[in-house]
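Per-entry structural report
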Amino acid sequence: MMDVGANVDCSPQMLAQFAVMGDIYSRLIFGNKSPRVGLLSIGEEEHKGNELTRAAWPLLRSLP
């Protein structure tokens, strides 16, 4: 898990950056060739969650 409360006021862009950092960390430290990165929210549907998670969702989907 990345950022589990260390930052109380995150932007959607910061969550996308955490996702990239988590991907790189998992690849380098654990040797995971294809880590799975997700956004923890209240459901898997795109319309669920608060404004922050709904805004971060499209950013995460656009990452390679």
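A brief structural summary. A quick note: this is a predicted structure, and the numbers were derived from the prediction, not measured. (Residues numbered from 1 in each chain as written. Predicted model: local features only at pLDDT ≥ 70, side-chain atom pairs only at ≥ 80, totals over all residues. Heavy atoms only, no water.)

Turning our attention to the layout of surface pockets. Its volume calculated, the second largest pocket comes out at about 270 Å³. If you trace the second largest pocket, you find 13 residues lining it, with Asp23, Val37, Leu60, Leu63 and Pro64 closest to the centre. In terms of residue count, the dominant contributor to the lining of the second largest pocket is helix α1 (residues 12-30) (four residues). Within the lining of the second largest pocket, the residues separate by chemical class into nine nonpolar, one polar and three charged. (1 Å grid on protein atoms, 1.4 Å probe; cavity = no way out; pocket = protein on both sides within 12 Å on 5 of 7 lines; lining within 4 Å. Points joined across faces, edges and corners; volume = space filled by probe spheres on them. Helix = DSSP H or I, 4+ residues; strand = E, 2+ residues; numbered from the N terminus. Nonpolar A, V, L, I, M, F, W, Y, C, P; charged D, E, K, R; others polar.)

Relative to the helices and strands, Asp23 is located in helix α1. Judged by its relative accessible area of 18%, Asp23 falls in the buried class. A distance of 2.8 Å separates the side chain of Asp23 from the side chain of Arg27, its partner in a polar contact. Discounting residues that sit within four places of it in the chain, Asp23 has contacts with Pro35 and Val37. (Buried < 20%, exposed > 50% of the residue type's maximum accessible area, 1.4 Å probe, protein only. Polar contact = N/O pair within 3.5 Å; in protein donor to acceptor, adjacent residues only side chain to side chain. Contact = heavy atoms within 4.5 Å.)

The next thing to look at is the packing of aromatic side chains. Enumeration according to the criterion identifies one aromatic pair in this entry. Ring centres of Tyr25 and Phe30 lie 5.7 Å apart, and the angle between their planes is 75 degrees; this geometry places the pair in the edge-to-face category. Overall, the relative accessible area of 44% leaves Tyr25 in the partly exposed class. (Phe/Tyr/Trp six-rings, centres within 6.5 Å; stacked < 30°, edge-to-face > 60°.)

Interpretation note: all reported values are geometric properties and have no functional meaning in isolation.
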